[in-house]
Amino acid sequence: MENTQTITKDEKQVVTSTRISGSEAVVRCLLAEGVETVYGYPGGAIMPIYDELYKYQGKLHHVLTRHEQGATHAAQGFARISGKVGVAMATSGPGATNLITGIADAQIDSTPMVCITGQVASHLLGSDAFQETDIIGISTPVTKWNHQITKASEIPEVLAKAFYIAKSGRPGPVLIDITKDAQFEEFDFEYKTCEAIRSYKPVPETQPEQVKAAADLINSAKKPMIVWGQGVILGEAEEELKAVIEKAGIPSAWTILGASAIATSHPLNIGMVGMHGNYAPNKLTNECDVLIAIGMRFDDRVTGNLATYAKQAKVIHFEIDPAEVDKNVKTDIAVLGDAKTSLAALLPLLEAKSHDNWHNEFKKLYDVEFEKVIKNDLHPTKEGLTMGEVLKQINTETKGEAAIVSDVGQHQMIACRYADFKVSKSNITSGGLGTMGFALPAAIG
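Residues numbered from 1 in each chain as written. Predicted model: local features only at pLDDT ≥ 70, side-chain atom pairs only at ≥ 80, totals over all residues. Heavy atoms only, no water.

1. A look at the overall build of the chain
- The helix and strand tally for the chain stands at 18 helices and 17 strands.
- For 445 residues, the compact-globule estimate of 2.2 N^0.38 gives 22 Å, and the chain sits close to it at 24 Å.
- For the chain, long-range pairs separated by at least 24 residues make up 73% of all intrachain contacts whose partners lie at least 6 apart in sequence.
- As displayed, the chain has an accessible area near 20,300 Å², and 53% of this comes from carbon and sulfur atoms.
- Measuring between centres, the 42 positive side-chain charges of the chain sit 5 Å from its 54 negative side-chain charges. (Helix = DSSP H or I, 4+ residues; strand = E, 2+ residues; numbered from the N terminus. Rg over C-alpha atoms; globule rule 2.2 N^0.38 Å. Contact = heavy atoms within 4.5 Å. Areas by Shrake-Rupley, 256 points an atom, 1.4 Å probe, with all protein chains shown as cover. Lys, Arg positive; Asp, Glu negative; His and termini not counted. Charge placed at Lys NZ, Arg CZ, Asp CG, Glu CD.)

Set out below in C-alpha coordinates:
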(Lines give C-alpha, C1' and ligand atoms only; values in the text may rest on other atoms or scores of the structure.)
Protein backbone atom coordinates (compact mmCIF):
# COMPACT_ATOMS: atom_id res chain seq x y z
CA MET A 1 0.00 0.00 0.00
CA GLU A 2 1.24 3.49 -0.84
CA ASN A 3 0.58 6.32 1.62
CA THR A 4 1.67 9.70 0.29
CA GLN A 5 1.86 12.65 2.67
CA THR A 6 1.49 15.92 0.75
CA ILE A 7 1.21 19.65 1.33
CA THR A 8 -0.33 22.23 -0.96
CA LYS A 9 1.67 25.30 -1.90
CA ASP A 10 0.63 27.77 -4.60
CA GLU A 11 -1.90 25.22 -5.90
CA LYS A 12 0.86 22.63 -6.47
CA GLN A 13 1.24 19.36 -4.62
CA VAL A 14 4.68 18.76 -3.12
CA VAL A 15 5.44 15.18 -2.11
CA THR A 16 7.30 14.96 1.18
CA SER A 17 7.33 11.20 1.68
CA THR A 18 6.15 8.05 -0.03
CA ARG A 19 5.61 4.84 1.89
CA ILE A 20 6.12 1.78 -0.30
CA SER A 21 7.40 -1.79 -0.06
CA GLY A 22 11.03 -2.73 -0.51
CA SER A 23 10.20 -4.58 -3.70
CA GLU A 24 8.58 -1.52 -5.26
CA ALA A 25 11.53 0.54 -4.06
CA VAL A 26 13.85 -1.68 -6.11
CA VAL A 27 11.84 -0.98 -9.27
CA ARG A 28 11.75 2.76 -8.56
CA CYS A 29 15.51 2.79 -7.96
CA LEU A 30 16.08 1.14 -11.35
CA LEU A 31 13.91 3.76 -13.04
CA ALA A 32 15.73 6.56 -11.20
CA GLU A 33 19.01 5.23 -12.63
CA GLY A 34 17.60 5.36 -16.16
CA VAL A 35 17.23 1.60 -16.52
CA GLU A 36 14.79 0.62 -19.26
CA THR A 37 15.48 -3.10 -19.65
CA VAL A 38 16.32 -5.86 -17.17
CA TYR A 39 17.13 -9.50 -17.88
CA GLY A 40 16.19 -12.28 -15.53
CA TYR A 41 14.47 -15.46 -14.45
CA PRO A 42 11.99 -15.44 -11.53
CA GLY A 43 11.79 -17.65 -8.47
CA GLY A 44 10.25 -17.66 -5.02
CA ALA A 45 12.76 -15.46 -3.18
CA ILE A 46 12.61 -12.64 -5.73
CA MET A 47 8.93 -12.97 -6.61
CA PRO A 48 7.86 -9.82 -4.71
CA ILE A 49 10.04 -7.71 -7.03
CA TYR A 50 8.64 -9.50 -10.07
CA ASP A 51 5.11 -8.81 -8.82
CA GLU A 52 5.93 -5.09 -8.66
CA LEU A 53 7.12 -5.09 -12.27
CA TYR A 54 3.46 -5.37 -13.36
CA LYS A 55 2.82 -1.85 -12.08
CA TYR A 56 5.54 -0.44 -14.32
CA GLN A 57 4.81 -2.09 -17.65
CA GLY A 58 5.72 0.32 -20.40
CA LYS A 59 8.39 1.94 -18.23
CA LEU A 60 10.57 -1.03 -17.40
CA HIS A 61 10.90 -3.90 -19.86
CA HIS A 62 11.81 -7.36 -18.57
CA VAL A 63 13.41 -9.96 -20.84
CA LEU A 64 12.72 -13.48 -19.62
CA THR A 65 15.76 -15.70 -20.25
CA ARG A 66 15.78 -19.47 -20.19
CA HIS A 67 18.62 -19.66 -17.68
CA GLU A 68 20.07 -17.20 -15.21
CA GLN A 69 23.51 -17.32 -16.85
CA GLY A 70 21.82 -16.12 -20.03
CA ALA A 71 20.50 -13.11 -18.10
CA THR A 72 24.02 -12.05 -17.15
CA HIS A 73 25.34 -12.45 -20.70
CA ALA A 74 22.39 -10.50 -22.07
CA ALA A 75 23.06 -7.75 -19.55
CA GLN A 76 26.72 -7.82 -20.63
CA GLY A 77 25.81 -7.51 -24.29
CA PHE A 78 23.58 -4.54 -23.48
CA ALA A 79 26.29 -2.89 -21.40
CA ARG A 80 29.08 -3.48 -23.90
CA ILE A 81 27.27 -1.90 -26.84
CA SER A 82 25.49 0.90 -24.95
CA GLY A 83 28.13 1.89 -22.43
CA LYS A 84 25.41 1.79 -19.75
CA VAL A 85 24.99 -0.53 -16.75
CA GLY A 86 23.36 -3.87 -17.55
CA VAL A 87 20.91 -5.31 -15.01
CA ALA A 88 20.19 -8.98 -14.30
CA MET A 89 17.89 -10.54 -11.69
CA ALA A 90 17.60 -14.03 -10.20
CA THR A 91 16.18 -15.81 -7.21
CA SER A 92 18.10 -17.27 -4.27
CA GLY A 93 20.15 -20.46 -4.12
CA PRO A 94 20.57 -22.10 -7.53
CA GLY A 95 19.23 -19.03 -9.30
CA ALA A 96 21.90 -16.85 -7.73
CA THR A 97 24.71 -19.36 -8.26
CA ASN A 98 23.75 -19.64 -11.93
CA LEU A 99 24.72 -15.98 -12.30
CA ILE A 100 28.33 -16.56 -11.24
CA THR A 101 29.85 -17.43 -14.63
CA GLY A 102 28.44 -14.27 -16.22
CA ILE A 103 29.54 -12.19 -13.24
CA ALA A 104 33.07 -13.59 -13.47
CA ASP A 105 33.04 -12.86 -17.20
CA ALA A 106 31.98 -9.26 -16.55
CA GLN A 107 34.63 -8.85 -13.86
CA ILE A 108 37.57 -9.85 -16.01
CA ASP A 109 36.24 -7.92 -19.05
CA SER A 110 35.44 -4.79 -16.99
CA THR A 111 31.74 -4.76 -17.89
CA PRO A 112 29.40 -2.60 -15.77
CA MET A 113 26.57 -4.76 -14.43
CA VAL A 114 24.27 -4.81 -11.41
CA CYS A 115 22.86 -8.20 -10.42
CA ILE A 116 19.96 -8.31 -7.98
CA THR A 117 19.24 -11.60 -6.23
CA GLY A 118 16.46 -12.62 -3.89
CA GLN A 119 17.36 -14.29 -0.60
CA VAL A 120 15.53 -16.23 2.10
CA ALA A 121 14.01 -14.22 4.94
CA SER A 122 16.58 -12.68 7.28
CA HIS A 123 15.59 -14.85 10.27
CA LEU A 124 16.50 -17.92 8.18
CA LEU A 125 19.97 -16.75 7.16
CA GLY A 126 22.61 -19.28 8.11
CA SER A 127 20.07 -22.04 8.81
CA ASP A 128 20.53 -23.93 5.52
CA ALA A 129 16.96 -23.05 4.63
CA PHE A 130 15.40 -24.16 1.36
CA GLN A 131 17.25 -22.51 -1.54
CA GLU A 132 19.57 -20.59 0.76
CA THR A 133 23.11 -20.04 -0.49
CA ASP A 134 25.77 -17.64 0.77
CA ILE A 135 25.86 -15.75 -2.52
CA ILE A 136 27.82 -12.89 -0.93
CA GLY A 137 30.64 -15.27 0.01
CA ILE A 138 30.49 -17.04 -3.34
CA SER A 139 30.48 -13.87 -5.43
CA THR A 140 33.07 -11.88 -3.50
CA PRO A 141 36.07 -12.97 -5.65
CA VAL A 142 34.31 -12.08 -8.93
CA THR A 143 32.51 -8.83 -8.12
CA LYS A 144 33.71 -5.27 -7.85
CA TRP A 145 31.42 -4.93 -4.80
CA ASN A 146 28.58 -6.87 -3.23
CA HIS A 147 26.17 -6.33 -0.37
CA GLN A 148 23.30 -8.08 1.38
CA ILE A 149 20.19 -6.05 2.29
CA THR A 150 18.08 -7.19 5.26
CA LYS A 151 16.08 -3.98 5.83
CA ALA A 152 13.92 -2.25 3.23
CA SER A 153 15.24 1.16 4.27
CA GLU A 154 18.71 0.17 3.00
CA ILE A 155 17.53 -0.36 -0.57
CA PRO A 156 17.78 3.16 -2.05
CA GLU A 157 21.25 3.96 -0.70
CA VAL A 158 22.71 0.53 -1.50
CA LEU A 159 21.35 0.43 -5.05
CA ALA A 160 22.57 3.98 -5.69
CA LYS A 161 26.05 2.89 -4.56
CA ALA A 162 25.79 -0.26 -6.68
CA PHE A 163 25.21 1.68 -9.89
CA TYR A 164 27.91 4.22 -9.07
CA ILE A 165 30.52 1.54 -8.32
CA ALA A 166 29.58 -0.58 -11.35
CA LYS A 167 30.02 2.26 -13.85
CA SER A 168 32.75 4.42 -12.31
CA GLY A 169 36.49 4.12 -12.89
CA ARG A 170 37.31 0.69 -14.21
CA PRO A 171 33.78 -0.73 -14.56
CA GLY A 172 32.71 -4.08 -13.21
CA PRO A 173 29.85 -6.20 -11.83
CA VAL A 174 28.11 -5.58 -8.51
CA LEU A 175 25.76 -8.02 -6.77
CA ILE A 176 23.02 -6.94 -4.36
CA ASP A 177 21.28 -9.70 -2.38
CA ILE A 178 17.90 -8.78 -0.83
CA THR A 179 16.14 -10.90 1.77
CA LYS A 180 12.49 -11.68 1.14
CA ASP A 181 11.25 -9.90 4.28
CA ALA A 182 13.10 -6.73 3.18
CA GLN A 183 11.18 -6.92 -0.10
CA PHE A 184 7.83 -7.02 1.75
CA GLU A 185 8.70 -4.45 4.44
CA GLU A 186 7.35 -0.91 3.93
CA PHE A 187 9.32 2.29 4.53
CA ASP A 188 9.41 5.96 3.54
CA PHE A 189 11.07 5.94 0.12
CA GLU A 190 13.46 8.61 -1.05
CA TYR A 191 16.13 8.17 -3.72
CA LYS A 192 19.37 10.05 -4.32
CA THR A 193 21.89 9.06 -6.95
CA CYS A 194 25.38 8.40 -5.64
CA GLU A 195 28.11 10.78 -6.80
CA ALA A 196 30.98 9.81 -4.50
CA ILE A 197 31.94 7.33 -1.79
CA ARG A 198 34.43 8.18 0.93
CA SER A 199 37.74 6.29 0.49
CA TYR A 200 36.74 5.06 -3.00
CA LYS A 201 38.71 6.87 -5.71
CA PRO A 202 37.65 5.32 -9.02
CA VAL A 203 39.87 7.47 -11.22
CA PRO A 204 43.41 8.25 -10.06
CA GLU A 205 44.62 11.77 -10.74
CA THR A 206 46.75 12.08 -13.86
CA GLN A 207 50.17 13.46 -12.93
CA PRO A 208 51.44 16.09 -15.44
CA GLU A 209 55.07 15.11 -14.82
CA GLN A 210 54.32 11.51 -15.84
CA VAL A 211 52.56 12.70 -19.00
CA LYS A 212 55.58 14.89 -19.79
CA ALA A 213 57.99 11.99 -19.20
CA ALA A 214 55.90 9.78 -21.51
CA ALA A 215 55.87 12.45 -24.23
CA ASP A 216 59.63 12.94 -24.01
CA LEU A 217 60.25 9.21 -24.38
CA ILE A 218 57.84 8.94 -27.33
CA ASN A 219 59.39 11.96 -29.03
CA SER A 220 62.86 10.42 -28.77
CA ALA A 221 61.78 6.99 -30.02
CA LYS A 222 62.93 5.64 -33.38
CA LYS A 223 60.60 2.64 -33.40
CA PRO A 224 57.57 3.40 -31.20
CA MET A 225 54.57 1.08 -31.11
CA ILE A 226 51.16 1.39 -29.44
CA VAL A 227 49.05 -1.49 -28.16
CA TRP A 228 45.62 -0.35 -27.04
CA GLY A 229 42.93 -2.27 -25.20
CA GLN A 230 39.35 -1.90 -24.07
CA GLY A 231 40.27 0.91 -21.71
CA VAL A 232 40.15 3.24 -24.71
CA ILE A 233 36.55 2.22 -25.43
CA LEU A 234 35.44 2.25 -21.79
CA GLY A 235 37.00 5.69 -21.38
CA GLU A 236 35.41 6.96 -24.61
CA ALA A 237 38.90 8.00 -25.72
CA GLU A 238 38.68 6.87 -29.36
CA GLU A 239 39.12 10.34 -30.84
CA GLU A 240 41.98 11.16 -28.48
CA LEU A 241 43.79 7.94 -29.41
CA LYS A 242 43.31 8.61 -33.10
CA ALA A 243 44.70 12.14 -32.71
CA VAL A 244 47.75 10.84 -30.82
CA ILE A 245 48.69 8.14 -33.29
CA GLU A 246 48.13 10.42 -36.29
CA LYS A 247 50.23 13.26 -34.89
CA ALA A 248 53.08 11.02 -33.70
CA GLY A 249 52.83 8.63 -36.67
CA ILE A 250 52.92 5.55 -34.43
CA PRO A 251 51.99 2.06 -35.71
CA SER A 252 49.17 0.91 -33.43
CA ALA A 253 47.86 -2.57 -32.65
CA TRP A 254 44.97 -3.76 -30.49
CA THR A 255 43.85 -6.49 -28.16
CA ILE A 256 40.65 -8.45 -28.80
CA LEU A 257 38.58 -6.22 -26.52
CA GLY A 258 40.19 -3.10 -27.96
CA ALA A 259 39.00 -3.98 -31.47
CA SER A 260 36.80 -1.34 -33.13
CA ALA A 261 38.12 1.67 -31.15
CA ILE A 262 39.79 2.77 -34.40
CA ALA A 263 38.64 1.60 -37.82
CA THR A 264 40.51 -1.43 -39.10
CA SER A 265 41.03 0.42 -42.38
CA HIS A 266 43.00 3.23 -40.71
CA PRO A 267 46.54 3.32 -42.19
CA LEU A 268 48.14 3.34 -38.72
CA ASN A 269 46.08 0.35 -37.55
CA ILE A 270 48.51 -2.57 -37.86
CA GLY A 271 46.23 -5.34 -36.60
CA MET A 272 45.69 -7.56 -33.60
CA VAL A 273 48.35 -8.72 -31.17
CA GLY A 274 48.40 -12.02 -29.33
CA MET A 275 48.24 -15.75 -29.87
CA HIS A 276 45.88 -15.51 -32.85
CA GLY A 277 46.91 -12.02 -33.91
CA ASN A 278 48.75 -10.65 -36.90
CA TYR A 279 52.34 -11.48 -37.78
CA ALA A 280 53.77 -7.95 -38.01
CA PRO A 281 52.66 -6.49 -34.65
CA ASN A 282 53.51 -9.71 -32.82
CA LYS A 283 57.01 -9.96 -34.29
CA LEU A 284 57.86 -6.28 -34.11
CA THR A 285 56.74 -6.01 -30.49
CA ASN A 286 60.16 -7.51 -29.83
CA GLU A 287 61.89 -4.92 -32.03
CA CYS A 288 60.25 -1.64 -31.03
CA ASP A 289 62.25 0.67 -28.78
CA VAL A 290 59.24 2.20 -26.99
CA LEU A 291 56.07 0.19 -26.32
CA ILE A 292 53.06 2.32 -25.34
CA ALA A 293 50.27 0.31 -23.70
CA ILE A 294 46.95 2.13 -23.42
CA GLY A 295 44.07 0.68 -21.41
CA MET A 296 45.26 -2.91 -21.63
CA ARG A 297 46.44 -5.35 -18.98
CA PHE A 298 49.20 -7.41 -20.67
CA ASP A 299 47.11 -10.58 -20.68
CA ASP A 300 49.02 -13.82 -21.20
CA ARG A 301 47.29 -14.35 -24.57
CA VAL A 302 48.86 -11.06 -25.67
CA THR A 303 52.33 -11.44 -24.19
CA GLY A 304 53.07 -15.15 -24.39
CA ASN A 305 56.23 -15.88 -22.40
CA LEU A 306 56.84 -12.85 -20.19
CA ALA A 307 60.53 -13.70 -19.97
CA THR A 308 60.94 -12.86 -23.66
CA TYR A 309 58.23 -10.21 -24.14
CA ALA A 310 59.48 -6.81 -25.40
CA LYS A 311 62.64 -6.95 -23.29
CA GLN A 312 64.38 -4.46 -25.57
CA ALA A 313 61.68 -1.79 -25.20
CA LYS A 314 61.00 0.99 -22.76
CA VAL A 315 57.40 0.50 -21.61
CA ILE A 316 54.88 3.29 -21.05
CA HIS A 317 51.59 2.20 -19.48
CA PHE A 318 48.47 4.43 -19.60
CA GLU A 319 46.11 2.80 -17.10
CA ILE A 320 43.13 3.65 -14.89
CA ASP A 321 43.66 0.74 -12.47
CA PRO A 322 46.89 1.04 -10.46
CA ALA A 323 46.74 -2.70 -9.72
CA GLU A 324 47.48 -3.45 -13.38
CA VAL A 325 50.72 -1.44 -13.46
CA ASP A 326 53.80 -3.70 -13.10
CA LYS A 327 51.52 -6.71 -12.53
CA ASN A 328 52.79 -8.64 -15.54
CA VAL A 329 55.18 -6.35 -17.43
CA LYS A 330 57.62 -3.96 -15.75
CA THR A 331 56.76 -0.39 -16.64
CA ASP A 332 59.29 2.40 -17.14
CA ILE A 333 56.67 5.17 -17.05
CA ALA A 334 53.15 4.75 -15.68
CA VAL A 335 50.52 7.36 -16.50
CA LEU A 336 47.56 6.75 -14.22
CA GLY A 337 44.12 8.11 -14.93
CA ASP A 338 41.24 8.02 -17.38
CA ALA A 339 42.46 7.37 -20.95
CA LYS A 340 40.51 10.29 -22.38
CA THR A 341 42.09 12.76 -19.94
CA SER A 342 45.58 11.28 -20.17
CA LEU A 343 45.71 11.17 -23.97
CA ALA A 344 44.28 14.68 -24.24
CA ALA A 345 47.10 15.88 -21.97
CA LEU A 346 49.68 13.95 -24.00
CA LEU A 347 48.64 15.22 -27.44
CA PRO A 348 50.02 18.80 -27.31
CA LEU A 349 53.37 17.54 -25.98
CA LEU A 350 53.99 15.20 -28.93
CA GLU A 351 56.13 16.08 -31.93
CA ALA A 352 54.63 15.50 -35.37
CA LYS A 353 56.44 12.56 -36.98
CA SER A 354 55.91 9.92 -39.67
CA HIS A 355 58.37 7.05 -38.95
CA ASP A 356 58.21 5.93 -42.59
CA ASN A 357 61.05 3.38 -42.40
CA TRP A 358 59.50 1.81 -39.31
CA HIS A 359 56.11 1.59 -41.03
CA ASN A 360 57.68 -0.16 -43.98
CA GLU A 361 58.83 -2.98 -41.70
CA PHE A 362 55.22 -3.65 -40.77
CA LYS A 363 54.13 -3.55 -44.40
CA LYS A 364 56.79 -6.10 -45.40
CA LEU A 365 55.66 -8.53 -42.71
CA TYR A 366 52.00 -7.99 -43.62
CA ASP A 367 52.85 -9.03 -47.19
CA VAL A 368 54.43 -12.22 -45.85
CA GLU A 369 51.32 -12.99 -43.77
CA PHE A 370 49.04 -12.20 -46.70
CA GLU A 371 50.82 -14.65 -49.01
CA LYS A 372 51.05 -17.46 -46.48
CA VAL A 373 47.80 -17.09 -44.52
CA ILE A 374 45.38 -14.27 -45.38
CA LYS A 375 45.14 -14.97 -49.09
CA ASN A 376 44.22 -18.59 -48.47
CA ASP A 377 41.63 -17.60 -45.85
CA LEU A 378 39.91 -14.93 -47.94
CA HIS A 379 40.51 -16.20 -51.48
CA PRO A 380 40.84 -20.01 -51.25
CA THR A 381 41.55 -22.02 -54.38
CA LYS A 382 40.04 -25.22 -53.00
CA GLU A 383 36.36 -26.08 -52.97
CA GLY A 384 34.37 -25.41 -49.84
CA LEU A 385 33.84 -22.39 -47.62
CA THR A 386 36.44 -20.94 -45.27
CA MET A 387 35.72 -18.93 -42.15
CA GLY A 388 37.56 -16.02 -43.73
CA GLU A 389 35.21 -16.08 -46.71
CA VAL A 390 32.22 -15.90 -44.39
CA LEU A 391 33.63 -12.81 -42.69
CA LYS A 392 34.46 -11.28 -46.06
CA GLN A 393 30.82 -11.67 -47.11
CA ILE A 394 29.60 -10.27 -43.78
CA ASN A 395 31.83 -7.23 -44.34
CA THR A 396 30.30 -6.74 -47.78
CA GLU A 397 26.75 -6.96 -46.47
CA THR A 398 27.23 -4.81 -43.34
CA LYS A 399 29.81 -2.35 -44.72
CA GLY A 400 31.61 -2.69 -41.38
CA GLU A 401 28.85 -0.86 -39.54
CA ALA A 402 27.19 -3.77 -37.69
CA ALA A 403 27.97 -5.09 -34.24
CA ILE A 404 29.49 -8.56 -34.42
CA VAL A 405 28.81 -10.86 -31.48
CA SER A 406 30.96 -13.98 -31.45
CA ASP A 407 31.17 -16.96 -29.16
CA VAL A 408 34.50 -18.43 -28.04
CA GLY A 409 36.82 -20.43 -30.26
CA GLN A 410 38.25 -20.28 -33.75
CA HIS A 411 35.23 -18.37 -35.07
CA GLN A 412 35.94 -15.71 -32.42
CA MET A 413 39.54 -15.36 -33.56
CA ILE A 414 38.64 -15.30 -37.25
CA ALA A 415 35.98 -12.66 -36.56
CA CYS A 416 38.54 -10.49 -34.80
CA ARG A 417 41.12 -11.00 -37.54
CA TYR A 418 38.92 -10.39 -40.57
CA ALA A 419 35.91 -8.30 -39.57
CA ASP A 420 35.91 -4.71 -40.78
CA PHE A 421 35.20 -2.49 -37.79
CA LYS A 422 34.22 1.08 -38.53
CA VAL A 423 32.20 1.85 -35.39
CA SER A 424 33.43 1.66 -31.81
CA LYS A 425 31.83 -0.85 -29.41
CA SER A 426 31.03 -3.17 -32.32
CA ASN A 427 33.11 -6.22 -31.34
CA ILE A 428 31.19 -8.02 -28.59
CA THR A 429 32.86 -11.18 -27.33
CA SER A 430 34.00 -12.89 -24.13
CA GLY A 431 37.67 -12.01 -23.75
CA GLY A 432 39.31 -12.81 -20.44
CA LEU A 433 37.09 -15.69 -19.29
CA GLY A 434 36.41 -17.15 -22.73
CA THR A 435 32.86 -18.22 -21.88
CA MET A 436 31.29 -20.61 -24.38
CA GLY A 437 27.58 -19.92 -24.77
CA PHE A 438 28.16 -16.17 -24.46
CA ALA A 439 27.13 -15.11 -27.97
CA LEU A 440 23.40 -15.87 -28.21
CA PRO A 441 22.27 -14.19 -24.96
CA ALA A 442 24.78 -11.35 -25.49
CA ALA A 443 23.35 -10.79 -28.95
CA ILE A 444 19.85 -10.61 -27.45
CA GLY A 445 21.12 -8.02 -24.99
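2. Notes on the layout of surface pockets
- There is about 680 Å³ of room inside the second largest pocket.
- Sorting the residues of the lining of the second largest pocket by element identifies strand 12 (269-272), helix 12 (279-284), helix 15 (356-378), helix 16 (387-398) and helix 17 (410-418) as the ones contributing at least two each.
- Ranked by residues supplied to the lining of the second largest pocket, first place goes to helix 15 with 7 residues.
- Looking at side-chain class alone, the lining of the second largest pocket contains 14 nonpolar, 9 polar and 5 charged residues. (1 Å grid on protein atoms, 1.4 Å probe; cavity = no way out; pocket = protein on both sides within 12 Å on 5 of 7 lines; lining within 4 Å. Points joined across faces, edges and corners; volume = space filled by probe spheres on them. Nonpolar A, V, L, I, M, F, W, Y, C, P; charged D, E, K, R; others polar.)

3. Quick word on a nonpolar patch on the surface
- A cluster of nonpolar side chains, namely Leu385, Val390 and Ile394, defines an oily patch on the protein surface of about 260 Å² accessible area.
- Mapped onto the fold, leucine 385 is located in the loop between helix 15 and helix 16. (Patch = residues over 30% accessible without salt bridge, like charges linked within 9 Å, V, L, I, M, F, W, Y side chains within 5 Å. Salt bridge = Lys/Arg side-chain N within 4 Å of Asp/Glu carboxyl O.)

4. Considering the pairing of strand 10 (residues 224-228)
- A large share of strand 10 lies buried, amounting to 5 of its 5 residues.
- Neither face of strand 10 is exposed, since Pro224, Ile226 and Trp228 on one face and Met225 and Val227 on the opposite face are all buried.
- Of the pairings in the sheet, the one linking strand 10 to strand 11 (residues 252-254) comprises 3 bridges and is parallel in character. Bridging across to strand 11, valine 227 finds its partner in alanine 253. (Buried < 20%, exposed > 50% of the residue type's maximum accessible area, 1.4 Å probe, protein only. Pairing = 2+ DSSP bridges.)

5. What about the pattern of salt bridges?
- Counted according to the given criterion, the structure contains 17 salt bridges.
- Among the salt bridges present, the one from aspartate 299 reaches arginine 297, with a minimum N-O distance of 3.5 Å.
- Take aspartate 299: its relative accessible area is 18%, and that puts it in the buried class.
- Between lysine 375 and glutamate 371 there is a salt bridge whose closest N-O contact spans 2.9 Å. Of the two residues, lysine 375 and glutamate 371 are both situated in helix 15; the distance of 4 residues between them amounts to about one turn of the helix.

6. Brief notes about the sheet that holds strand 6 (residues 113-119)
- Across the sheet, which stays open at both edges, the 6 strands sit in the order 4-3-5-6-8-7 with parallel pairing between neighbours. Two strands bound the open sheet, and with one partner strand each, they are strand 4 (61-64) and strand 7 (145-149). Pairs of neighbouring strands in the sheet enclose a mean axial angle of 20°, with direction left out of account.
- Pairing of strand 6 with strand 8 (residues 173-179), which is carried by 7 bridges, proceeds in the parallel orientation. Along strand 8, the bridge assignment pairs threonine 117 with aspartate 177. (Axes fitted to C-alpha atoms, helices over the stretch in contact; angles between N-to-C directions.)

7. A short note on helix 3 (residues 68-82)
- When the terminal C-alpha atoms of helix 3 are compared, their 21 Å separation across 15 residues agrees well with the 21 Å that a helix rising 1.5 Å per residue should span.
- Across the 15 residues that make up helix 3, a large majority, 12, are buried.
- Buried within helix 3 are the following residues: Glu68, Gly70, Ala71, Thr72, His73, Ala74, Ala75, Gln76, Gly77, Phe78, Ala79 and Arg80.
- Where helix 3 ends, the next residue or the one after it, glycine 83, has phi of about 80°, a positive value. (Expected span 1.5 Å × (residues − 1).)

8. Things to note about the side chain of aspartate 105
- Here aspartate 105 lies in helix 5 (residues 100-108).
- The buried charged residue aspartate 105 lacks any salt bridge partner; its closest oppositely charged side chain belongs to arginine 80, at an N-O distance of 5.3 Å.
- Among the polar contacts listed, one links the side chain of aspartate 105 to the side chain of glutamine 76, at a separation of 2.8 Å.
- Ignoring any residue separated from it by four or fewer positions in sequence, one finds aspartate 105 in contact with Gln76, Ser430, Leu433, Thr435 and Phe438. (Polar contact = N/O pair within 3.5 Å; in protein donor to acceptor, adjacent residues only side chain to side chain.)

9. Description of unusual backbone geometry
- Look at glutamine 131: it is not a glycine, yet its phi comes out positive at around 55°.
- Position of glutamine 131 among the secondary structure elements: in the loop between strand 6 and helix 6 (135-139).
- According to the relative accessible area criterion, glutamine 131 is partly exposed, its value standing at 30%.
- Residue histidine 355 is not a glycine yet carries a positive backbone phi of 55°.
- Its location among the elements puts histidine 355 in the loop between helix 14 (339-346) and helix 15.

10. Some thoughts on helix 17
- Within helix 17, 7 of the 9 residues are buried, which leaves it mostly tucked inside the rest of the structure.
- Taken as a whole, helix 17 has its buried residues at Gln412, Met413, Ile414, Ala415, Cys416, Arg417 and Tyr418.
- Looking at the buried positions of helix 17, the neighbouring elements they touch are strand 11, strand 12, helix 15, helix 16, strand 16 (404-405) and strand 17 (427-428).

11. Some details on the packing of aromatic side chains
- Counted according to the given criterion, the structure contains 5 aromatic pairs.
- A ring pair is formed by phenylalanine 298 and tyrosine 309, whose centres lie 6.0 Å apart and whose planes are at 75°; its orientation type is edge-to-face. Here phenylalanine 298 is found in the loop between strand 13 (290-294) and helix 13 (300-303), whereas its partner tyrosine 309 is found in the loop between helix 13 and strand 14 (314-319), with 11 residues between them in sequence. Considered together, phenylalanine 298 and tyrosine 309 belong to a single accessibility category, that of buried residues. (Phe/Tyr/Trp six-rings, centres within 6.5 Å; stacked < 30°, edge-to-face > 60°.)

12. Structural notes on the sheet that holds strand 13
- If you trace the 6 strands from one edge of the open sheet to the other, you get 12-11-10-13-14-15, paired in parallel fashion. Strands at the two margins of the open sheet, each flanked by one partner only, are strand 12 and strand 15 (333-336). Neighbour-to-neighbour, the strand axes of this sheet turn through a mean angle of 20°, independent of strand direction.
- In this structure, strand 11 lies alongside strand 12, joined through 3 bridges in parallel fashion. Bridge pairing links tryptophan 254 to methionine 272 in strand 12.

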